[in-house]
2 protein chains.
Amino acid sequence: MPVNLQAPDPQSLFPVPGVTLGIAEAGVRKANRKDVVVVSLAEGSAVAGVFTKNRYCAAPVQVCREHLAGGAAVRAIVINTGNANAGTGADGLARARRTCTSLAGLLGVAPEQVLPFSTGVIMETLPVERIEAGLPAALADRQPAHWARAAEGIMTTDTLPKAASRQVQIGGVTVTVTGISKGAGMIRPNMATMLGFVATDAVLAPGLLQPLVTRAADASFNRITIDGDTSTNDSFVLIATRQAGHAEITSLDSAEGQALSAAVLAVSRELAQAIVRDGEGATKFITVQIDGGRTEDECKLAAYAIAHSPLVKTAFFASDPNLGRILAAVGYAGIDDLDQNLIEMHLDDVHVVTQGGRNPSYREEDGQRVMKQSEITVKVNLNRGAASVTVWTCDLSHDYVSINADYRS
Amino acid sequence: MPVNLQAPDPQSLFPVPGVTLGIAEAGVRKANRKDVVVVSLAEGSAVAGVFTKNRYCAAPVQVCREHLAGGAAVRAIVINTGNANAGTGADGLARARRTCTSLAGLLGVAPEQVLPFSTGVIMETLPVERIEAGLPAALADRQPAHWARAAEGIMTTDTLPKAASRQVQIGGVTVTVTGISKGAGMIRPNMATMLGFVATDAVLAPGLLQPLVTRAADASFNRITIDGDTSTNDSFVLIATRQAGHAEITSLDSAEGQALSAAVLAVSRELAQAIVRDGEGATKFITVQIDGGRTEDECKLAAYAIAHSPLVKTAFFASDPNLGRILAAVGYAGIDDLDQNLIEMHLDDVHVVTQGGRNPSYREEDGQRVMKQSEITVKVNLNRGAASVTVWTCDLSHDYVSINADYRS
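Residues numbered from 1 in each chain as written. Chains lettered and ligands numbered in written order. Predicted model: local features only at pLDDT ≥ 70, side-chain atom pairs only at ≥ 80, totals over all residues. Heavy atoms only, no water.

Re the domain arrangement of chain A
Residue and element names in this part refer to chain A.
- Here chain A is described as being made up of domain 1 (10–277) and domain 2 (285–405).
- Put simply, the middle of domain 1 and the middle of domain 2, counted by C-alpha atoms, are 33 Å apart.
- Listed per partner, the contact involves 16 residues of domain 1 and 17 residues of domain 2.
- A buried area of about 1,400 Å², summed over both sides, lies between domain 1 and domain 2, and 55% of it is on carbon and sulfur atoms.
- On the domain 1 side of the contact with domain 2, Arg-223, Thr-225 and Arg-277 bury the most area, a combined 43% of that side's loss.
- Counting every contact that joins domain 1 to domain 2 gives one salt bridge.
- Linking Glu-375 and Arg-277 is a salt bridge whose minimum nitrogen-to-oxygen distance equals 2.5 Å.
- At the boundary of domain 1 with domain 2, the tally comes to three residue pairs in polar contact (both at pLDDT 80 or more).
- For the side of domain 1 that touches domain 2, the element with the highest residue contribution is helix 6 (residues 255–277), accounting for four residues.
- Of the residues contributing to the side of domain 1 that touches domain 2, the split by class is six nonpolar, five polar and five charged. (Domains from an automatic or database assignment. Contact = heavy atoms within 4.5 Å. Buried area = accessible area lost by both parts, 1.4 Å probe. Salt bridge = Lys/Arg side-chain N within 4 Å of Asp/Glu carboxyl O. Polar contact = N/O pair within 3.5 Å; in protein donor to acceptor, adjacent residues only side chain to side chain. Helix = DSSP H or I, 4+ residues; strand = E, 2+ residues; numbered from the N terminus. Nonpolar A, V, L, I, M, F, W, Y, C, P; charged D, E, K, R; others polar.)

As structure tokens, then:
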């Protein structure tokens, strides 16, 4: 059961001028599944993305990187579920390219103007002919208002579609930021991949798109973890159709740039957190905040050590304030000269640890009260600097094991 | 249920001249538990150890390090279960010291000649007075033949005691190496700590003991992982009573040094593997072998990425040859310039992956056959160098979650 997450109301998702979305049932892996999504972008749109750091990256990720590096104007995105086209070697690369060529032919653009995305089982051959057969239906289905429908079309074992939308005033006009995402873990039937797509009609100088997507990812999709397994296909793409009609934003630090950045970050963060809320088997949404680090990097070490620890995660599942497990995770995080005697820890408002040991006034019933909540914040202060980092994660439940131990077929 | 592990036959454990062991029921956490073990060492014994790298190390670990660094001749070891004395600040340190002082008083030695070890719940006050009250009974119980009994006395949620023993001929005399260990994870009721104690009567030059224990740990206790959580109390101690009567070994590379090293390594490895076989919820024993790395460090990155991946571990639990998960783990292991197209993978004798993609002759039924076994070897060849590393781990089952999600009380 997702943690405090609802399916998006289609009425709450503002269309983005210049973007249309359509879906089809192509039978990539199973019949009667919405498994192909096509997103068309108006001429003049700009696109930037961040992709998995997994060295075993999937064929479509390699093709996306190539096409973006080549500088051709992206006019369409095609996403299939059911098959990740990862671990498929040269043949997989050829099949990802063929998907682009086929869609480009139907749209009258060059193959380099199409970005392909795949999510699903690893190490199996992509049935590209089925995707091709589904493209005409997806194209015919395209509408500016189909964001919620597209969010459904990219789901794998997500239990709910994920979408978010904001509007901001920039230079006297209303600018829209709308996006969709999917998670979460690598799932029954062994799906791989986190995908996020966010579009805006803001008129952004093209050179600012990459820094904006990187910054947004670093504070959203790069700050979530379900099980620590980085997928082969993770992708987050930001689209600017530049149709809003305000004066071009030439700096992200200008008032307009900051307003847009804040809206993009808000949408990205909502989408990223939705993935955690719908994490495999999740029953709790956990915020891990590390303060007082010397650098952000060491804060990240501590935050992910906590967020990845199976012992910490099972304690959250059990509502057991067995908080020594959190201290132990901080201790093995890899901060070589950490002084354990400086560490403070809070669970929400409860002061659990002071000077590295149990706070004399801490009462287990207070810890127990917080641990029973569906949303919990763990705050650890390293007291050795001014850096902070926040990551979001979920607990580790029986259902996580059930979901991932189910046989694929 | 432990994987292919039996309780040791006490007759199979050779006593080590110069070592006696005794246990007591001190009621550290619960009544009627064998929870205190005392090991006495004859005069002239030498001791070296390796300890947790967790910066949040427990008070007894800090005291052990101090006493070993001070150079006093160690004459006794005292181990309690039920309480880890970790995350306990200055008070915990005082209590660990008091344990040493009390035992030293009873034995007529200096406190610095005692090494303390604790395993159990974190962040709770050590009931040192109960341990003190139990010491006379433990001392009275001491016998050279009590290795199996001591193995029982250090158990926490281990389902079986763990001990191993070997004899080798050195300089015409029989030399014994015998040890005990406990695991495994940080367990119901939230126990912490892997502990290993190995003793030999070999006459080893005192300066060789530390390199020998480090080398043995690096190829045994430092190559196992249940859940990736490094405990606050992990300790592995090697004792040489020097009573065997052969000429002193002055080099580990001599024939005698190599014979002794091999026996110590064999005992250490058996003890370490026993911890994995009895890992929390384990149903399978997995050997992960990485070959063809440029360095041992990068082989370790890949090996632990596989061994720690919850997705890989649940696939083993399910006997599901979902082997793309293993490739994905290698990909995110952190080897920055890894070329995925060079990777080969075998599951036991089955050739699954060639040149980074699915081996055309691989049949899923062959993978399935191996995955159903209780012992499985995963071999990944990075094909970029000559380094190799092997680690041992277990699967991730429903019982792991149950054990760790049980409330402590």
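Next comes the rest of the account.
A word on helix 5 (residues 209–218) of chain A
All names here are of chain A.
- Every buried residue belonging to helix 5 is among Leu-209, Leu-212, Val-213, Ala-216 and Ala-217, and all of these are buried. Viewed end-on, helix 5 has its buried residues packed into an arc of 125°, placing them on one side of the element.
- On its buried face, helix 5 is in contact with strand 3 (46–51), strand 10 (235–240) and helix 6. (Buried < 20%, exposed > 50% of the residue type's maximum accessible area, 1.4 Å probe, protein only. Arc of directions from axis to C-beta.)

Notes on the confidence of the model for chain A
- In this model, chain A carries an average pLDDT of 91, and 95% of its residues clear a pLDDT of 70 or more.
- Under a pLDDT of 50 for its full length, residues 186–191 of chain A has, in the predicted model, 37 contacts with residues more than four places off or in other chains. (pLDDT = per-residue confidence, 0-100.)

Some thoughts on the pattern of salt bridges
Residues and elements named next belong to chain A.
- Tallying each qualifying case throughout the model produces 34 salt bridges over all chains.
- Two residues, Arg-294 and Asp-337, come together in a salt bridge whose shortest N-O distance is 3.0 Å. Note that Arg-294 is positioned in the loop between strand 11 (285–293) and helix 7 (296–308) and Asp-337 in the loop between helix 9 (324–331) and strand 12 (344–347), a separation of 43 residues in sequence.
- The class for Arg-294 is partly exposed, based on a relative accessible area of 48%.
- A residue is classified by how much of its surface remains accessible, and Asp-337, at 43% relative accessible area, is partly exposed.

Examining the relation of the copies chain B and chain A
- Taken as rigid bodies, chain B and chain A are interconverted by a rotation of 180° and an axial shift of 0.0 Å, the fit giving an RMSD of 0.0 Å. Taken together, these values place the two copies in the relation of a two-fold axis. Within chain B, the C-alpha atom positioned nearest to the axis of rotation is that of B:His398, 2.9 Å from it. (Least-squares fit on C-alpha atoms with pLDDT ≥ 70 in both.)

Structural notes on the side chain of A:Gln340
- When you line up the elements, A:Gln340 lands in the loop between helix 9 and strand 12.
- On the basis of relative accessibility, which here comes to 10%, the residue A:Gln340 falls in the buried class.
- Once residues within four sequence positions are removed from consideration, A:Gln340 is found in contact with A:Gln355, A:Gly356, B:Arg55, B:Tyr56, B:Cys57 and B:Gln62.

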